[in-house]
Amino acid sequence: MLPGIEVPKERFAVTSRLHALRNKLTVIWESLEAKLLLLAGNDFRVRRLRKRGVRIGERCLVYTTTFPAEPYLVRIGDHCAISSGTKFITHDASWILFEDAHPDMDVFGTIDVGDNTYFGLDVLVLPNTRIGSNCIIGTGAVVRGEIPDNSVVMGNPGRVVMKTSLLKPLLLNHKNRLDGMRKLPGHEKERVLRRHFGIP
Amino acid sequence: MELRDILHDYLVGEIATDRESLDPGENLLAQGIIDSMGILKLVSFLEDRFQIQVGDAEMVPEHFESIDAVCAFVQKKRNG
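Because the structure is a prediction, the values reported are computed rather than measured.

Rules used throughout
- Residues numbered from 1 in each chain as written.
- Chains lettered and ligands numbered in written order.
- Predicted model: local features only at pLDDT ≥ 70, side-chain atom pairs only at ≥ 80, totals over all residues.
- Helix = DSSP H or I, 4+ residues; strand = E, 2+ residues; numbered from the N terminus.
- Rg over C-alpha atoms; globule rule 2.2 N^0.38 Å.
- Buried ≥ 20, exposed ≤ 12 C-beta atoms within 10 Å, placed from the backbone.
- Contact = placed C-beta atoms within 7 Å.
- Domains from an automatic or database assignment.
- Expected span 1.5 Å × (residues − 1).
- Arc of directions from axis to C-beta.

> Even after reading the chapter, I still don't get the overall build of chain B, so can you show me in this structure?
The secondary structure content of chain B amounts to three helices and zero strands. The secondary structure elements of chain B, listed N-terminal to C-terminal, are α-α-α. Rg of the C-alpha trace for chain B: 12 Å, near the compact-globule value of 12 Å for 80 residues, within the 12% margin. Within chain B, the fraction of its 80 residues that count as buried is 26%. Put simply, of all contacts in chain B between residues at least 6 apart along the chain, 58% involve residues at least 24 apart.

What follows is the structure, given as structure tokens:
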């Protein structure tokens, strides 16, 4: 309560309850919307996420809707791709252990992602993380802290395993590189893949 | 056993298992002989076998593009 402003106790209790109810309804709506947005197209999804406060750059592909209750603490640069299942967390709820002594405590952190960075499936990005540009975050990685530009990150805890410049020739010359597959209809893609991998 | 032979035997035995031999100058990256997991296995082997530490900034193509390149890198690391 602001110093010098007196609010009758009963009115304060009603206001608090209304505030709590509004927060609860917001959470319910946002979790419902998050599920529905997964069915929507990328452009629509990105627009809605921006409206919720996530700062998303241009030409991004975002296949997750799991952003925190503080979406404005997340910034994603231009031309990033974020695979499904990836989660961004901007608060630390472990304060609950100390709630008795510090009932109003809360801990937050920001997440900042540079340009041209790719997140594999099910990456977890923790608070206080800055991921540079031209990075690849491998599937299932748990990332926290500073990740320099041009890094490939894998594992839990996520660590830089190589520079993007090293991964590039590995991908370009990969024995299972098959170009043009995204343009093929499903049955044609299946035919090509079966033949390539020798599956009858 | 020479460093080049140790690397050759490791690569043929553990990574490029479909090859019987590799030329020391053969491009491991451009020929698709090694993949990203293969690079990580190789680095782990180098660190254990030669007691060196490979930093993030050293994980670049120049150090892994051939057996000769890996040899030169390991020698440089061992000489401090």
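> Sorry if this is basic, but what is going on with the domain arrangement of chain A here?
Frequently, the measure chosen for interface size is the accessible area removed from exposure when the parts meet. Annotation of chain A at the domain level lists domain 1 (1-37) and domain 2 (42-193). The straight-line distance from the C-alpha centre of domain 1 of chain A to that of domain 2 of chain A is 31 Å.

> Could you clarify how one ought to interpret unusual backbone geometry in this entry?
Across residues other than glycine, the phi torsion is negative in most instances, and most of the peptide bonds are trans. All names here are of chain A. Asn156 connects to Pro157 through a cis peptide bond whose omega is 0°. If you trace the backbone, Pro157 turns up in the loop between strand 13 (151-154) and strand 14 (159-163). Phi at Asn116 is positive, roughly 55°, even though this residue is not glycine. Structurally, Asn116 is set in the loop between strand 8 (111-113) and strand 9 (118-119).

> Help me understand helix 1 (residues 3-15) of chain B, please; the structure alone is not making it clear to me.
Residues separated by three or four positions in an α-helix point in the same direction, a consequence of the helix having 3.6 residues per turn. Residues and elements named next belong to chain B. In this model helix 1 runs 17 Å from its N-terminal to its C-terminal C-alpha over 13 residues, within 8% of the 18 Å that 1.5 Å per residue would give. Buried within helix 1 we find Leu7, His8, Leu11 and Ile15. All buried residues of helix 1 lie within an arc of 100° about the axis, which places them on one face of the element. Turned more than 90 degrees from where helix 1 packs its buried face, Asp5, Gly13 and Glu14 sit exposed. Elements that come into contact with the buried residues of helix 1 comprise helix 2 (36-50) and helix 3 (67-78).

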